[in-house]
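Here are the chains, one letter per residue:
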Amino acid sequence: MTSRKPIIAGNWKMHKTVPEAVAFAQGIKKLAAGPDVEVVVCPPFTALVPVVKALDDTGIATGAQDVYWRDKGAFTGEISPLMLKDTGCRYVIIGHSERRQFFGEADEKVNLKVKAVLSHGLIPIMCVGETLAEREAGVTKKVVRTQTEAGLSGLTREQVAGMVVAYEPVWAIGTGKTASDEDAQEVIGFIRNLVKDLHGEGAAQQLRILYGGSVKPENTAGLMAQPDLDGALVGGASLEVESFAGIIKAVIGG
């Protein structure tokens, strides 16, 4: 039986104005607070400060969706880890497949961002996962190994133990298709064993690994029943209070 605390993180992507984000925060704090699961919401940058304030003293954490690896400088349009920490957020999503696909984010940049976030006491949620073409070609584990090894390169065991990895098969994001419970466990178990080889048994057992990709209240319990799954990174279903709360309740019920 693991002592890892489950975590459910909602990635709102490019959705919600500030009033909409605050209204969501007000709604979710009535339904999601509790000691059995850690809840994180990741609004757009514009809504970080008001959402942090709205969720103050609720136990619900706030995360950012991306970061740049420098503290300050002439990097128009970017947000530094120093700025994120100043908002009061606790988590940062790094290496999401949409960042990799649409913005050319390479493994080396993911690693720089992970290191920068950790250096400021924030917690990275580092995403890895294969495309449909890669899965059909039978190279899922090769892709996931490459992304995981690169993303964790140069980190200490303690740093790895305290962070979060999210396995998100790209073909399941926003498509309604979800990896089977067994498929998700196979890859996430592979990641945990890989981390064991790289950083030791202790780090591997402490590291929380999430599944992401069309997670809904209906499929959460089955996923959470898998021994190596520690929660979910939720996309579309995190945009409505009722569906996001339903996922959280499914975790507690499991």
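Here the structure is shown first, and the text comes after it.
Residues numbered from 1 in each chain as written. Predicted model: local features only at pLDDT ≥ 70, side-chain atom pairs only at ≥ 80, totals over all residues. Heavy atoms only, no water.

Draft legend 1. Summary view of the environment of Lys 142. Along the chain, Lys 142 turns up in helix α7 (residues 140-151). When its relative accessible area of 60% is taken as the criterion, Lys 142 is described as exposed. Between the C-alpha atoms of Lys 142 and Glu 186, which are 44 residues apart in sequence, the distance is 13 Å. (Helix = DSSP H or I, 4+ residues; strand = E, 2+ residues; numbered from the N terminus. Buried < 20%, exposed > 50% of the residue type's maximum accessible area, 1.4 Å probe, protein only.)

Draft legend 2. Structural view of the pattern of salt bridges. Scanning the entire structure with this criterion turns up 16 salt bridges. The closest approach of N and O atoms between Glu 38 and Arg 208, which form a salt bridge, is 2.9 Å. Of this pair, Glu 38 sits in strand β2 (residues 38-42) while Arg 208 sits in strand β7 (residues 208-212), and the two are 170 residues apart along the sequence. Glu 38 sits in the buried class, given a relative accessible area of 9%. The exposure class of Arg 208 is buried, given its relative accessible area of 13%. One salt bridge in this structure joins Glu 105 and Arg 99, with 3.8 Å as the shortest N-O distance. Here Glu 105 falls in the buried class, since its relative accessible area comes to 7%. When salt bridges with common partners are traced through the structure, they connect Arg 4, Arg 192, Asp 228 and Asp 230 into a single cluster. (Salt bridge = Lys/Arg side-chain N within 4 Å of Asp/Glu carboxyl O.)

Draft legend 3. Quick look at the sheet that holds strand β4 (residues 91-94). Ordered in space as β1-β2-β3-β4-β5-β6-β7-β8, the eight strands form a closed barrel in which the pairing is parallel. The mean angle between the axes of side-by-side strands here comes to 25°, regardless of whether they run parallel or antiparallel. As judged from the two bridges shared by β2 and strand β3 (residues 61-64), these two strands associate in the parallel manner. Across the sheet, residue Val 41 finds its bridge partner in β3, namely Thr 62. Packing of α7 onto the sheet brings it into contact with β5 (123-128) and β6 (164-167), and relative to β5 it is tilted by some 155°. (Pairing = 2+ DSSP bridges. Axes fitted to C-alpha atoms, helices over the stretch in contact; angles between N-to-C directions. Contact = heavy atoms within 4.5 Å.)

Draft legend 4. Region of the structure containing helix α5 (residues 107-119). In a regular helix each residue adds 1.5 Å, so 13 residues correspond to 18 Å; α5 covers 19 Å between its end C-alpha atoms and thus fits that length. What α5 keeps buried is the set Asp 107, Val 110, Asn 111, Lys 113, Val 114, Ala 116, Val 117 and Leu 118. Those residues of α5 that are buried lie in contact with α3 (81-87), β4, α4 (97-103), β5, α7 and α8 (157-162). Within two residues after α5, Gly 121 carries a phi angle of roughly 75°, on the positive side. (Expected span 1.5 Å × (residues − 1).)

Keep in mind these values describe shape, not function.
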